[in-house]
Amino acid sequence: MSEARAAGTRLAVDFAKFGAVGVVNTLVGYLTILAAMTWAGLAPVPANVVGYAVGLCVSFVLNRRFTFAGRGGGGIGQVLGFFAVFALSYGLNLLVLREALFLLAPAWAQALAMVSYTVCFFLLSRAFVFPETEAKVPPVFAALDTVARSPVSWAFGLIILAVLSAPLGLPHGWGGNEINYFDLGHRVMHPEKFTELHAANDDSNARLVSLGLIGIAIDLFGFEGAHTVLTFLCWAAMCLGLVYLARGLRLSPAALILGLAAYFGGRQMLIGGEWLFGGVEGKVLAYAAVFFALGLALRGRYMPAVMLAALAAYFHFLVGGFWGLALLALGRLQGRSWRDLVPPFALFVLLLLPLAGLLVQERLLAEKPDLTGLPFGPEVIYAVYRNPHHLAPYASPEWFAANWRPGLIWAGLMAMTLLMLIRIVPERRVAMSWVAGLNIYIVAAFVIAWLDRHTHALAPFYLFRPMSLTTLLTLMLGTQALIAPLPATGQRLFAAAAVAVFAVLSVPAALTAAREAFTEPDLAEELDDEERALVDWLRTETPGDAVLLFDIWPQQYVRRASVAFFGLERLTERPLMVMFKFVPTGTTGLVRWYRLIQWREEVFAGDCDAVLKEPVDYLITRELPAEGLTACTEPAWQDGSFTVLKVIRD
């Protein structure tokens with residue numbers, strides 16, 4: 001038998017064995033899914049994940065012992081190489097399926113995708129995970145390795161990061177937070193256009209820098225143009241800063257890509273509703289500055305690092321303040337003495353003194369608000385009544401179990417995983433110990449929040465805000481640690497898998513985002529016909545100084561066009577008195593906001609005495625007006641589901 005024929009026979013035998021193993025691990029995975037749903041009570045999606053994980057482990061064991069017995073070097077490198085090949089093959093499966101659906105019926109498209117997955121998985125496993133002999137590096141992987149070792153790889157990494165974050169980072173319409181911040185920014189620059197009766201109202205100056213920047217942009221470009229310009233600025237700053245940070249951590253582009261894919265796949269938010277990418281806010285600019293600050297600190301340049309951390313604090317005091325302190329911990333882990341660290345952090349404190357003095361004046365020295373008749377103080381109003389998703393994990397046992405406990409478990413697991421991975425990659429001990437400590441801080445924050453659950457005195461410090469960046473750092477470092485033991489070929493496979501994940505998951509969404517990015521977001525376009533008719537009537541048929549009151553917040557959150565209604569003050573050019581979404585941060589403004597929310601409930605319950613307590617001119621409701629309101633209002637306009645009542649005053 002010729003050598004070529006013998007090689008073909010071995011290939012056919014290996015493929016037959018591989019197929020038989022595929023049948024076995026598919027059956028095991030399916031039975032595991034059924035058992036997980038029937039006996040363990042798991043939902044279909046988690047059960048599916050468990051089944052595939054078990055099936056993949058069975059596949060590795062059987063292929064190693066039966067299909068490719070005695071081949072490959074064994075060890076953790078072979079295990080990770082097998083999972084990398086699976087990821088690459090599954091990415092190809094998704095890509096083929098997406099393209100085939102344009103040409104074939106779904107059943108045939110699925111079949112073609114499965115064939116591509118099976119063939120790719122077999123060939124790559126045979127060539128790289130369980131080779132007959134020491135595999136030669138194919139030219140394509142040799143080229144990839146050359147690129148990965150050059151500075152060009154980070155330009156490529158930056159492009160991939162930009163595409164991954166494009167659906168969140170590119171302009172894609174207004175967000176509720178953005179509407180509030182842009183209105184407040186306009187108010188900073190033009191206070192004469194606003195009164196205390198506007199819902200966009202905040203008596204705190206802590207966000208003066210970020211709001212002033214937004215206000216200046218509005219004066220230069222208008223609301224819609226400023227939104228587009230600042231969104232691009234935030235997106236570019238975040239991408240550049242994160243690449244600079246990743247290089248400071250000595251990550252590979254593959255670790256950056258896979259870590260980001262996992263991060264965005266988890267929708268950024270694990271604890272406290274915290275996120276990094278998306279929208280125009282002071283905290284987004286603050287995080288961009290923090291990325292550069294951390295990158296500088298990892299390179300040992302602490303003076304410019306603390307200057308950037310201080311700049312981040314002026315954009316958002318809590319973000320810059322926390323990560324400025326985190327830089328101090330990083331310096332100690334790097335082996336720097338207190339004598340070396342005192343000068344830069346003295347500079348940090350000195351730079352923050354004006355802002356800290358302003359906050360002390362507002363929080364501690366200003367006149368205390370009148371709390372007469374209130375069931376709780378401003379801290380509880382802010383934490384439990386308005387922001388339990390950010391600040392109050394123990395609002396109720398059910399609330400904790402559904403919204404906070406998974407994140408607590410995740411933070412603990414991330415800390416333990418990083419501490420164990422240090423043994424695999426001891427050269428990354430400093431960075432991994434530091435990020436493990438950040439996860440331990442998150443766990444400790446739960447203990448602090450428990451001790452503070454009755455008073456919520458620490459709620460204004462947003463104990464869980466560092467979670468989102470900590471999660472991203474953990475995922476990137478963890479991925480790098482898993483890649484490190486692989487041989488050169490395995491690392492190239494990981495890079496190829498990262499590109500496949502990137503292409504399948506991100507390119508279509510990024511192309512859609514790019515098409516939308518160059519269309520200015522018109523807030524009015526988000527209104528439906530009834531809502532547009534209401535806005536038009538209010539603009540044309542009510543006096544310019546008329547004061548409005550709406551009845552539908554916070555229920556408005558669940559409505560399709562809720563974001564547009566957050567812009568009702570801007571669209572109608574009339575003050576709206578109070579809005580559940582727009583909450584002040586200063587204690588005096590916060591107490592007034594809460595009283596107005598309670599007053600609004602009394603008004604729409606039909607209390608005419610309550611109506612006359614505040615200078616409101618028109619009531620707007622989606623429900624049938626309460627009978628009690630007939631004594632102090634008269635119908636002014638009705639269309640579809642909206643009714644406008646004019647307040648009658650003697």
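Everything numeric in this text was worked out from a predicted model, so none of it was measured. (Residues numbered from 1 in each chain as written. Predicted model: local features only at pLDDT ≥ 70, side-chain atom pairs only at ≥ 80, totals over all residues. Heavy atoms only, no water.)

## Thoughts on the overall build of the protein
Counting its regular elements, the protein contains 25 helices and four strands. Scored against the burial criterion, the 650 residues of the protein give a buried share of 51%. In the protein, 73% of the contacts between residues at least 6 apart in sequence involve partners at least 24 apart. By element, 66% of the accessible surface of the protein is carried by carbon and sulfur atoms, the whole surface being about 30100 Å². (Helix = DSSP H or I, 4+ residues; strand = E, 2+ residues; numbered from the N terminus. Buried < 20%, exposed > 50% of the residue type's maximum accessible area, 1.4 Å probe, protein only. Contact = heavy atoms within 4.5 Å. Areas by Shrake-Rupley, 256 points an atom, 1.4 Å probe, with all protein chains shown as cover.)

## Regarding the pairing of strand β2 (residues 618-621)
Residue alternation in β2 divides its side chains into two sets, Y618 and I620 and L619 and T621, and both sets are buried. Judged from the four bridges that link them, β2 and strand β4 (residues 642-647) form a sheet pairing that is antiparallel. The residue bridging L619 from the neighbouring strand is L645, located in β4. (Pairing = 2+ DSSP bridges.)

## A word on the sheet that holds strand β3 (residues 633-639)
Across the sheet, four strands lie side by side as β1-β2-β4-β3; this open sheet has mixed pairing. Both outer strands of the open sheet, β1 (548-550) and β3, are each paired with one neighbouring strand and no more. Neighbour-to-neighbour, the strand axes of this sheet turn through a mean angle of 25°, independent of strand direction. In the packing of helix α24 (residues 587-604) onto the sheet, contacts are made with β1 and β2, and the angle to β1 comes to roughly 80°. (Axes fitted to C-alpha atoms, helices over the stretch in contact; angles between N-to-C directions.)

## Here we look at unusual backbone geometry
Positive phi values are uncommon outside glycine, yet R250 reaches one of about 60°. Mapped onto the elements of the fold, R250 is located in the loop between α8 (208-248) and α9 (253-265).

## Digging into the pattern of salt bridges
Under the counting rule described, the total for this entry stands at seven salt bridges. K283 is the partner of E274 in a salt bridge, and the nearest nitrogen-oxygen pair spans 3.3 Å. Summarising the burial analysis for this pair, E274 and K283 share the class buried. One network of salt bridges, in which partners are shared, links E274, K283 and R465. (Salt bridge = Lys/Arg side-chain N within 4 Å of Asp/Glu carboxyl O.)

## Observations regarding the side chain of R187
You can see R187 is positioned in helix α7 (residues 176-189). A polar contact of 3.0 Å, which involves the side chain of R187, links it to the backbone oxygen of T195. (Polar contact = N/O pair within 3.5 Å; in protein donor to acceptor, adjacent residues only side chain to side chain.)

## A short note on the state of the cysteines
Under the defined criterion, the tally for this structure stands at one disulfide. Here C608 is linked by a disulfide to C632, with a sulfur-sulfur distance of 2.0 Å. Because the sign of the S-S torsion sets the handedness, a value of about -85° for the bond joining C608 and C632 places this disulfide among the left-handed ones. With C608 in helix α25 (residues 608-611) and C632 in the loop between β2 and β3, this pair connects stretches of sequence that are 24 residues apart. (Disulfide = S-S within 2.5 Å.)

## Quick look at α8
For the α-helix, the turn length of 3.6 residues means that residues three or four positions removed from each other point alike. With 41 residues, α8 should reach 60 Å at 1.5 Å per residue; the first-to-last C-alpha distance of 32 Å falls well below that figure. The largest bend in α8 comes to about 115°, at G222. Remark: R250 follows α8 within two positions and exhibits a positive phi of approximately 60°. (Expected span 1.5 Å × (residues − 1). Bend = angle between axes of the 7 residues up to and from the residue.)

## Quick word on the packing of aromatic side chains
For the structure on display, the rule yields 22 aromatic pairs. Judged by centre distance (5.1 Å) and plane angle (90°), the ring pair of Y385 and Y594 falls under edge-to-face. Taken together, the positions of Y385 in helix α14 (residues 378-386) and Y594 in helix α24 put the pair 209 residues apart, joining distant regions of the chain. Looking at Y385, the relative accessible area reads 26%, which means it is partly exposed. Note on F550 and F642: the rings are 6.3 Å apart at their centroids and 85° apart in plane angle, and the pair reads as edge-to-face. (Phe/Tyr/Trp six-rings, centres within 6.5 Å; stacked < 30°, edge-to-face > 60°.)

## Looking at a nonpolar patch on the surface
On the surface, a nonpolar cluster with roughly 600 Å² of combined accessible area is contributed by V188, M189, L208, I216, L220, F221 and V229. When residues of the nonpolar patch are traced back to their parent elements, those giving at least two are α7 and α8. Ranked by the residues each element gives to the nonpolar patch, the list is headed by α8, at five residues. For L208, the position within the fold is in helix α8. (Patch = residues over 30% accessible without salt bridge, like charges linked within 9 Å, V, L, I, M, F, W, Y side chains within 5 Å.)

## Topic: empty space enclosed by the protein
Under the criterion given, the structure shown has two cavities of 30 Å³ or more. Computed from the structure, the largest cavity encloses a volume of approximately 90 Å³. As for the largest cavity, its lining consists of 13 residues, and the residues nearest its centre are L391, A449, D452, A459 and L463. Counted as a void, the second largest cavity has a volume near 50 Å³. Considering the residues around the second largest cavity, the lining is formed by L168, G169, T231, C234, W235, M238, L276, F277, G278, G279 and V284. (1 Å grid on protein atoms, 1.4 Å probe; cavity = no way out; pocket = protein on both sides within 12 Å on 5 of 7 lines; lining within 4 Å. Points joined across faces, edges and corners; volume = space filled by probe spheres on them.)

## Examining the side chain of D183
Locating D183 in the fold gives a position in helix α7. In this structure D183 comes out as buried when scored by relative accessible area, which is 4%. Engagement of the side chain of D183 in a polar contact is seen with the side chain of R570, the distance being 3.1 Å. In this structure, D183 is in contact with F194, A200, F223, R570 and F582, ignoring residues within four places of it in sequence.

## Re the pairing of β3
Taken together, the six bridges between β3 and β4 define a ladder with antiparallel strand orientation. Residue pairing in the sheet places D639 in a bridge with F642 of β4. Hairpin remark: β3 followed by β4, antiparallel, with two residues in the connecting loop; positive phi at G640, about 60°.

## Details of α24
With 18 residues, α24 should cover 26 Å at 1.5 Å per step; its first-to-last C-alpha distance of 26 Å lies within 8% of that length. Those residues of α24 lying buried are T587, G589, L590, V591, W593, Y594, L596, I597, W599, R600, V603 and F604. Where α24 is buried, its residues touch α13 (338-365), α14, β1, α25 and β2. G606 lies just past α24 and shows a positive phi near 105°.

## Quick look at the packing of helix α10 (residues 282-298) against helix α11 (residues 302-315)
At a minimum axis separation of 8 Å, α10 and α11 run at an interaxial angle of 170°. The orientation of α10 with respect to α11, classified from their angle, is roughly antiparallel. Within the contact between the two elements, α10 uses G282, L285, A286, A289, V290, F292, A293, L296 and A297 and α11 uses Y302, P304, A305, L308, A309, A312 and F315. (Parallel < 35°, antiparallel > 145°, perpendicular 65-115°, else oblique.)

## Describing the nonpolar core
Grouped together as the largest cluster of nonpolar side chains are 108 residues, with contacts concentrated most on L242, W323 and L473. With 15 residues, α8 is the single largest residue contributor to this core. When residues no more than four places from it in sequence are discounted, the contact partners of W323 are Y287, V290, L294, W434, L438, P466, L469, T470 and L473. Within the second largest apolar cluster, 33 residues are counted, among which are L549, F580, L590 and V647. (Core = buried A, V, L, I, M, F, W, Y, C linked by side-chain atoms within 4.5 Å.)

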